[in-house]
Amino acid sequence: MARYIALPTVIGGPGGAQRKQKRFASLQTWLLNGEGRRRAKSLLSCPVRLVAFLPAWLVMHLPIAALLSLVPTLVASYSKTFVVPHVDGQDDTPALKAVLANYSSDAQILFQRGVSYNIWTPINFGKLTNVEISVQGNLSYPTDIATIQSIVANTTLYSGFWFDIQGTNITLKGNTEPNWGWVDGHGQQWWDAMNQTNRPHGWRFKVTNGIIQDMKLWKSIAWNFSLSGAKNVRAFQNTIKCISDTNSFPFNTDGFAVGGTDLVVENNYDTSNGEHVVSIYNGDDCVTAGNGATNVLFQNNYCEGGHGLSIGSLGSGGATDYVTNVTFQNVVMKNHLYGARFKSWTGGNGLAANITWRNIVLQHVKFPIYVTQNYWDQGKGPKPNSTSTTSTHLQNILFDNFSGDIDDSGTVEGTCITDPCWYYVPGATGEESIIFDLYPGTATNIVARHVNGIRTDKGVPVRVMCDNSTITSDPGFVCQNGPFVPTPVGYL
């Protein structure tokens, strides 16, 4: 099935559909051939930016294939290949690190299929140029918690990530076979012990012009992929499986942190075998766009078990943070605490602008749409008393076309280990489809439309929480602490 980016409809009236079809064909030809392709490639390096570049008259669905054809092609052949050696019962990292300087450019680094590697110490790949890292075999962290903790505490050995990849024109490629290409973090024992001391972050991919494809992470201890500081990266067909076999919870196993520029994370959704083979199953944000995120597209994904499609947290410690032009679309959210989520700290500064959540399907989600400017670290105690009314400002925020069900069963989510629970909202009934927790004068043009497809599991009427004194324009529903009542703006 073709995949599309939806653009605003402005062509109407008699014959509008025919005019759309003709202009669509003309634009495709222009993009994929001749002068149009040359102009687009000279101006743009990412399909996210292409959307803003398209002519204003365009009102149709443009195949992503046309957009992705404009992304610079990474090197497909290499002058040399290093096959990482393996010795049973020994750490395989030193042998790789010893030769990295000789394979830092125009090279392939290959973890062979059929080999289970011991990555018992972190790998900092250094600065790479035109390199493919191919994970065809299986990789394993140490199984001993104390060993990892001692390494993480040693800043000489540990750069902040167990796998640290930086540079230009880099491909990180996994294996599509079911039994090979897995990176095993052995996180279960950490979750069972509720041990959150000196946990390692997984993969840093701070790359300009990069691809992450077909990677498979199994039971990561915490934090999976970080794209903070990356530019022009496409991550697709990747699998994250942080699934607990017990009642313990996989704390802080965030999927993708996308604090970079011109990023596309897509197509983590494959039901070809009757199950979600490619998906993001974790215990925290499925994706989080933090400070510096600009021109980010997260689409066609399946997320299960975590804490939502998140912006933030922003403004911690009074920081000035910026996030702009972020779109989450065509996503299934199953058994998540939040669906669409924005979180900023009291006393922070900065701006989150042009943020869209579109075409979101909810399956047993406690808080479908949740916006708060009162975020705090629950692990450090109760909500602090603050007289500050500053926060990261919000501008042009859209929640569009949500459907599915609210988990209003009253069951406790796995991260709830305090009383009251850290996600407790005073006055909430568990039946709210929308919660806006805002300060006056900080939010401009925040709208929820086509969200009347959200229902409660128990079948009771859906409610909202919203303070009318904090809203400067029609948000698409009657802003009140009460029943959800859509306004005409909510149907646009």
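Since the structure is predicted, the reported quantities are computational estimates derived from the model, not experimental observations. (Residues numbered from 1 in each chain as written. Predicted model: local features only at pLDDT ≥ 70, side-chain atom pairs only at ≥ 80, totals over all residues. Heavy atoms only, no water.)

Undergrad: What exactly am I supposed to notice about the overall build of the protein here?
TA: Within the protein, the regular secondary structure consists of 7 helices and 30 strands. Relative to its 492 residues, the protein shows a buried fraction of 54%. Long-range pairs, those at least 24 residues apart, make up 78% of the contacts in the protein with a sequence separation of at least 6. (Helix = DSSP H or I, 4+ residues; strand = E, 2+ residues; numbered from the N terminus. Buried < 20%, exposed > 50% of the residue type's maximum accessible area, 1.4 Å probe, protein only. Contact = heavy atoms within 4.5 Å.)

Undergrad: What's the story with the side chain of Gln-188 in this structure? I'm lost.
TA: Position of Gln-188 relative to the elements: it lies in helix H7 (residues 188-193). A polar atom in the side chain of Gln-188 sits 3.2 Å from the side chain of Thr-246. Those residues in contact with Gln-188 that sit more than four places away from it in its chain are Lys-219, Ile-243, Ser-244, Asp-245, Thr-246 and Ser-248. (Polar contact = N/O pair within 3.5 Å; in protein donor to acceptor, adjacent residues only side chain to side chain.)

Undergrad: Please explain the confidence of the model for the protein as it appears in this structure.
TA: Detailed reading of the predicted coordinates is not advisable wherever pLDDT falls low. Averaged over all residues, the pLDDT of the protein is 87; the fraction at 70 or higher stands at 81%. Note on residues 1-72: pLDDT is under 50 here. Beyond four places in sequence and across chains, it has 111 contacts. (pLDDT = per-residue confidence, 0-100.)

Undergrad: Where do I start with the pattern of salt bridges in this structure?
TA: Close approach of charged atoms allows side chains with opposite charge to pair. Evaluation of the coordinates by the stated rule reveals 9 salt bridges. Between Asp-400 and Arg-358 there is a salt bridge, and its shortest N-O distance comes to 3.6 Å. One end of the pair, Asp-400, is in strand S25 (residues 393-406); the other, Arg-358, is in strand S23 (residues 349-365), with 42 residues separating them in the sequence. For the salt bridge of Asp-400 with Arg-449, the shortest nitrogen-to-oxygen distance reads 3.4 Å. Here Asp-400 is found in strand S25, whereas its partner Arg-449 is found in strand S27 (residues 443-449), with 49 residues between them in sequence. Relative accessible area serves as the criterion here: at 7%, Asp-400 is assigned to the buried category. With relative accessibility at 25%, the residue Arg-449 sits in the partly exposed group. (Salt bridge = Lys/Arg side-chain N within 4 Å of Asp/Glu carboxyl O.)

Undergrad: Hey, could you run me through the pairing of strand S20 (residues 309-314) in this one?
TA: Regular strands show a simple pattern: their side chains alternate between the two faces of the sheet. Among the 6 residues of S20, 5 are classified as buried, and the element is accordingly described as predominantly covered. Bridge count between strand S18 (residues 287-289) and S20: 3 bridges; the pairing is parallel. Within S20, the position partnered with Val-287 by the bridge is Leu-309. Where S20 and strand S22 (residues 338-345) come together, 4 bridges link them in parallel fashion. Within the sheet, the bridge partner assigned to Ser-310 lies in S22 and is Arg-341. (Pairing = 2+ DSSP bridges.)

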